[in-house]
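# Descriptive analysis of the structure
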Amino acid sequence: MNEPDAPAPAPLTGFTGLLHAQRVWESELPSFDPASAPDAPLPLFHAWFAEAVAAGQVEPHAMSLATADADGLPDVRTLLLHGADGAGSTSRAMPPAPRATSSPPGRTALGFYWPAQGRQVRVRGPVARCTPAESHADLHARSTGALAAALTGAQSEVVASVAELHRAADAAWERARVEPDAEAPTWTRYVVEPAEVEFFQGDARRRHIRLRYRRAGDGEWTRELLWP
């Protein structure tokens, strides 16, 4: 005598149902042979970035920046990368506050996610504050909007109302337009010196490839293949 079939589970509804209905990597993903990777991470980052652009990835220069304050309280924010050079060692970003340098030894982490190709890049390392002259040059190489944003109040401080925000922003835009070389003392340029860089290539069968570069004491890079 056959056992009766178990009743089908009730369909999930609401947020949980919506969440579980989502799928990832429905398009064909590229292959990645870690044996063919270069000796240093920067050329591979440049190549993957170019391939993300070619694949139509939206805002491939967007990245998550993770920092911690002096008490160890973590924070994360999405920002835009403005450079990756320095003989394979330098990434530039604008953290939301000096928090990135507040807790010894002044380390931070960056994360890039390019779902169009099932790829991630993770960067960890110390961060340094640039000189006022370097920060000034960095800001004034950008758009009028960047200067206006730098002139609009103190970032992350409490603002009384949206109306006050709009008044300050409008005044900052006008000043940035008529004074394109205006000083913005609160704008600080930071440089991240990667100590570890991980390249993650997703696989539909969960055979993900994770290649980690670690910088040795002599400045040379070692490569390690990690379990997913």
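Residues numbered from 1 in each chain as written. Predicted model: local features only at pLDDT ≥ 70, side-chain atom pairs only at ≥ 80, totals over all residues. Heavy atoms only, no water.

## Here we look at the overall build of the protein chain
Within the protein chain one finds five helices and ten strands. Counting the 228 residues in the protein chain, one finds 36% classified as buried. Nonlocal contacts in the protein chain, meaning residues at least 24 apart in sequence, comprise 64% of its contacts between residues at least 6 apart. As displayed, the protein chain has an accessible area near 14200 Å², and 56% of this comes from carbon and sulfur atoms. (Helix = DSSP H or I, 4+ residues; strand = E, 2+ residues; numbered from the N terminus. Buried < 20%, exposed > 50% of the residue type's maximum accessible area, 1.4 Å probe, protein only. Contact = heavy atoms within 4.5 Å. Areas by Shrake-Rupley, 256 points an atom, 1.4 Å probe, with all protein chains shown as cover.)

## What about the confidence of the model for the protein chain?
Taken over all residues, the pLDDT of the protein chain has a mean of 86, while the share at 70 or more is 88%. Predicted confidence for residues 87-104 stays below pLDDT 50, and this span has 69 contacts to residues more than four positions away or in other chains. (pLDDT = per-residue confidence, 0-100.)

## Focus: unusual backbone geometry
The backbone of Glu-59 shows a phi angle near 45°, a positive value even though the residue is not glycine. Mapped onto the secondary structure, Glu-59 falls in the loop between α2 (41-54) and β1 (62-68). Unlike most non-glycine residues, Arg-206 shows phi in positive territory, near 65°. The residue Arg-206 is located in the loop between β8 (196-201) and β9 (209-215) in this model. Accessibility expressed as a relative area gives 52% for Arg-206, which makes it exposed.

## Some points on the packing of helix α4 (residues 144-151) against helix α5 (residues 162-178)
Contact geometry of α4 with α5 gives a least axis separation of 8 Å together with a crossing angle of 130°. Put simply, α4 runs oblique to α5. In this structure, α4 crosses over α5, and the sense of that crossing is right-handed. Side by side, α4 and α5 meet where Thr-144, Gly-145, Leu-147, Ala-148 and Leu-151 of the first sit next to Ala-172, Trp-173, Arg-175, Ala-176 and Arg-177 of the second. Its residues assigned to classes, the contact of α4 with α5 comprises six nonpolar, two polar and two charged. (Axes fitted to C-alpha atoms, helices over the stretch in contact; angles between N-to-C directions. Parallel < 35°, antiparallel > 145°, perpendicular 65-115°, else oblique. Left-handed = near helix turned anticlockwise from the far one by under 90°. Nonpolar A, V, L, I, M, F, W, Y, C, P; charged D, E, K, R; others polar.)

## Re α5
End to end, α5 covers 24 Å across 17 residues, agreeing with the expected 24 Å (1.5 Å per residue, within 8%). Considered for burial, the residues of α5 that qualify are Ala-169, Ala-172 and Ala-176. What you see down the axis of α5 is that its buried residues fit within an arc of 65°, all on one side. With respect to the buried face of α5, the exposed residues turned more than 90 degrees away are Arg-167, Asp-170 and Arg-177. Buried residues belonging to α5 abut α4. (Expected span 1.5 Å × (residues − 1). Arc of directions from axis to C-beta.)

## Thoughts on the environment of Arg-214
Looking at the secondary structure, you find Arg-214 in strand β9. Using a relative accessible area of 34% as the deciding quantity, one classes Arg-214 as partly exposed. Setting aside chain neighbours within four positions, we find Arg-214 in contact with Ala-195, Glu-196, Glu-220, Trp-221, Thr-222 and Glu-224. At a separation of 2.7 Å, a polar atom in the side chain of Arg-214 contacts the side chain of Glu-224. (Polar contact = N/O pair within 3.5 Å; in protein donor to acceptor, adjacent residues only side chain to side chain.)

## Re the side chain of Glu-198
Secondary-structure assignment places Glu-198 in strand β8. Separated by 2.7 Å, the side chains of Glu-198 and Arg-210 make a polar contact. Not counting residues within four places of it along the chain, the set of residues in contact with Glu-198 comprises Gln-120, Val-121, Arg-122, Arg-210, Leu-211, Arg-212 and Leu-226.

## Comments concerning the pairing of strand β5 (residues 107-114)
By the alternation rule, side chains of β5 split into Thr-108, Leu-110, Phe-112 and Trp-114, which are all buried, and Arg-107, Ala-109, Gly-111 and Tyr-113, of which none is buried. The pairing of β1 with β5 spans three bridges and is classified as antiparallel. Note that in β5 the partner of Leu-65 across the bridge is Leu-110. The sheet contact formed by β5 and strand β6 (residues 119-129) spans eight bridges and is antiparallel. (Pairing = 2+ DSSP bridges.)

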